[in-house]
Amino acid sequence: DSGGRVAALAPVQDEYGLPFIATTALDGVLYNSGNLQFAGNANYFGSVIAEQGVSVSTGTPAFWFDETLIKGAWPRKDMALPRVVVTLWQTDL
């Protein structure tokens, strides 16, 4: 946040850089145990994991890796999102 910032006496490195401002179809992590097939020209920001592969049928989708995932800073503060890991989803109750 900008409330506690003080001017530095020397240049400092910004670990996160500018925010990703393009419209995205995904902002986070998508894990699929099968094969993912993409179509169109959407932007995917975060990480896409597919156990059996990823293919593109039409268009040119763009995949951008979010470094906050490996720096321990995800979810970002502006997302107001709790950390959740779904380990089991039972639908036949």
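None of the values given here were measured: they were computed from a predicted structure. For every chain, the first residue of the written sequence is number 1, and numbering continues from 1 along that sequence. The predicted origin of the model limits local features to residues at a pLDDT of at least 70 and limits the giving and counting of side-chain atom pairs to 80 or more, whereas totals for whole chains, interfaces and linings rest on all residues. Computation of side-chain values: all heavy atoms of the structure, hydrogens and water removed.

Trainee: Give me the lowdown on the overall build of the chain, citing residues and values where you can.
Mentor: What the chain contains, in helices and strands, is 0 helices and 5 strands. By the criteria applied, helices consist of DSSP H or I runs no shorter than four residues and strands consist of E runs no shorter than two, each listed in order from the N terminus. Taken from the N to the C terminus, the helices and strands of the chain come in the order β-β-β-β-β. Just to be clear, the radius of gyration here is over C-alpha atoms, and the globule rule we use is 2.2 Å times residues to the power 0.38. Its C-alpha atoms give the chain a radius of gyration of 17 Å, more than 25% over the compact-globule value 12 Å for 93 residues. Across its three principal axes, the chain shows a C-alpha extent of roughly 55 × 40 × 20 Å. Using a 1.4 Å probe on the protein chains alone, a residue whose accessible area is under 20% of its type maximum counts as buried, one over 50% counts as exposed, and one in between counts as partly exposed. Here the chain, with 93 residues, has 17% of them falling under the buried criterion. Whether two residues are in contact is decided by their heavy atoms: any pair within 4.5 Å suffices. Counting contacts in the chain only where the partners sit at least 6 residues apart, residues at least 24 apart contribute 13% of the total. Here, Shrake-Rupley sampling with a 1.4 Å probe gives the accessible areas, and only protein chains in the shown set may cover a residue. When the accessible surface of the chain is split by element, carbon and sulfur atoms take 56% of a total near 7800 Å². Charge assignment: positive for Lys and Arg, negative for Asp and Glu; neither His nor the chain ends contribute. Charge placement uses NZ in Lys and CZ in Arg. For Asp and Glu, CG and CD serve respectively. Taking the average location of the 5 positive side-chain charges in the chain and that of its 9 negative ones, the two points are 8 Å from each other.

Trainee: Outline the packing of aromatic side chains, listing residues and values.
Mentor: Between 30 and 60 degrees the pair is tilted, below 30 it is stacked and above 60 it is edge-to-face, where a pair is any two Phe, Tyr or Trp rings, Trp via its six-membered ring, whose centres lie within 6.5 Å. This model, assessed by the stated rule, comprises 3 aromatic pairs. Ring plane angle 65° and centroid distance 4.8 Å describe the contact between Phe38 and Tyr44, whose orientation is recorded as edge-to-face. Judged by relative accessible area, Phe38 falls into the buried class, the value being 6%. Consider the rings of Phe38 and Phe63, whose centres lie 5.1 Å apart with planes at 80°: the pair is edge-to-face. With Phe38 in strand 2 (residues 36–39) and Phe63 in strand 5 (residues 62–65), the pair connects residues that are 25 residues apart, well separated along the chain. Grouping aromatic residues by their ring pairs yields a cluster made of Phe38, Tyr44 and Phe63.

Trainee: I'd like a rundown of the sheet that holds strand 3 (residues 43–50), residues and numbers included.
Mentor: Each strand in a sheet pairs with its neighbour through backbone hydrogen bonds, running either in the same direction (parallel) or in the opposite one (antiparallel). Strand pairing requires that DSSP identify at least two bridges connecting the strands. With parallel pairing, 3 strands are arranged side by side in an open sheet as 1-3-5. Each edge of the sheet is formed by a strand with only one pairing partner; in this case those strands are strand 1 (26–32) and strand 5. For this sheet the average axis-to-axis angle between neighbouring strands, irrespective of direction, equals 50°. Pairing analysis gives 4 bridges linking strand 3 to strand 5, with the strands arranged parallel. In the strand pairing of strand 5, Gly46 is matched with Phe65. The angle between two axes is taken between their N-to-C directions and runs from 0 to 180 degrees, where each axis is a line fitted to C-alpha atoms and a helix contributes only its stretch in contact.

Trainee: I'd like a rundown of the pattern of salt bridges, residues and numbers included.
Mentor: Should a side-chain nitrogen of Lys or Arg be within 4 Å of a carboxyl oxygen of Asp or Glu, the pair is scored as a salt bridge. Applying the stated rule across the entire model yields 1 salt bridge. For Glu67, the salt bridge is made with Lys71, and the minimal N-O distance between the two is 3.3 Å. Judged by its relative accessible area of 44%, Glu67 is partly exposed. A relative accessible area of 36% means that Lys71 is categorised as partly exposed.

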